[in-house]
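Each chain, letter by letter, is given below.
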Amino acid sequence: MKTPLSSNYWTKGGATVIDKSKVLTARLVIFNCIMEGEHADPEKCDVTPEEFIEIVQGMDEDRLIRNVAYSKDGRGKALIAFLNTAEITPKGEAYIDELIRKHS
């Protein structure tokens, strides 16, 4: 589960520390790519591959998206996230609606 370190940073399970604005931007790009049937990747999200995995896993664990496939190493660490079958959940739709309300 994601936990705030301060008002400006985000982490998932004590792993990668990412600026919250980068997380929000990446989430919006991921949501948009899923809705448009486009490919989401770290470059589109303007994050590193490691940050991209952390953000996608956070969205998956928070049940904002589902049907994400992962390529994992021998220890079970996710190396790549495949979003071609991913779907936005009702909770994800509510998250998007809340962002729109807050920033309109």
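Please refer to the structure placed before this passage.
Predicted, not measured: the structure shown is a model, and the values here were computed from it.

## Overview of helix α1 (residues 20-36)
Consideration 1: With 17 residues, α1 extends 24 Å between its outermost C-alpha atoms, agreeing within 8% with the 24 Å of an ideal straight helix rising 1.5 Å per residue.
Consideration 2: For α1, the set of buried residues is Val23, Ala26, Arg27, Ile30, Phe31, Cys33 and Ile34. All buried residues of α1 lie within an arc of 165 degrees about the axis, which places them on one face of the element. Opposite its buried face, α1 presents the exposed residues Met35 and Glu36, each directed more than 90 degrees away.
Consideration 3: Downstream of α1 by one or two residues, Gly37 has phi in the positive range, about 70 degrees.

## Some remarks on a nonpolar patch on the surface
Consideration 1: Taken together, the side chains of Leu79, Ile80 and Phe82 present a nonpolar region at the surface, about 260 Å² in accessible area.
Consideration 2: Looking at the secondary structure, you find Phe82 in strand β6 (residues 78-82).

## Regarding the packing of α1 against helix α4 (residues 90-102)
The relative placement of two packed helices is expressed as an angle between their axes plus a distance between the axes.
Consideration 1: One way to put it is that α1 packs onto α4 with a least axis distance of 12 Å and a crossing angle of 120 degrees. Judged by the angle between their axes, α1 and α4 are oblique. Here the hand of the crossing between α1 and α4 comes out left-handed. On α4, the residues that touch Leu24, Arg27, Leu28 and Phe31 of α1 are Gly92, Tyr95, Ile96 and Leu99.
Consideration 2: Partitioning the contact of α1 with α4 into residue classes produces six nonpolar, one polar and one charged.

## Thoughts on the pairing of β6
Consideration 1: Where strand β5 (residues 69-72) meets β6, four bridges bridge the pair, whose relative direction is antiparallel. Each residue of the ladder has a partner; that of Ala69, found in β6, is Phe82.
Consideration 2: Hairpin remark: β5 followed by β6, antiparallel, with five residues in the connecting loop; positive phi at Gly76, about 90 degrees.

## Describing α4
Consideration 1: Counted at 1.5 Å a residue, the expected span for α4 with its 13 residues is 18 Å, and the 18 Å between its end C-alpha atoms agrees.
Consideration 2: Inspection of α4 places Gly92, Ile96 and Leu99 among the buried residues, and these make up the whole buried set. The buried residues of α4 occupy an angular sector of 60 degrees when projected down its axis, which confines them to one face. What points out from α4, more than 90 degrees from its buried face, is the exposed set Pro90, Arg101 and Lys102.

Rules of the game
Residues numbered from 1 in each chain as written. Predicted model: local features only at pLDDT ≥ 70, side-chain atom pairs only at ≥ 80, totals over all residues. Heavy atoms only, no water. Helix = DSSP H or I, 4+ residues; strand = E, 2+ residues; numbered from the N terminus. Expected span 1.5 Å × (residues − 1). Buried < 20%, exposed > 50% of the residue type's maximum accessible area, 1.4 Å probe, protein only. Arc of directions from axis to C-beta. Patch = residues over 30% accessible without salt bridge, like charges linked within 9 Å, V, L, I, M, F, W, Y side chains within 5 Å. Areas by Shrake-Rupley, 256 points an atom, 1.4 Å probe, with all protein chains shown as cover. Salt bridge = Lys/Arg side-chain N within 4 Å of Asp/Glu carboxyl O. Axes fitted to C-alpha atoms, helices over the stretch in contact; angles between N-to-C directions. Parallel < 35°, antiparallel > 145°, perpendicular 65-115°, else oblique. Left-handed = near helix turned anticlockwise from the far one by under 90°. Contact = heavy atoms within 4.5 Å. Nonpolar A, V, L, I, M, F, W, Y, C, P; charged D, E, K, R; others polar. Pairing = 2+ DSSP bridges.

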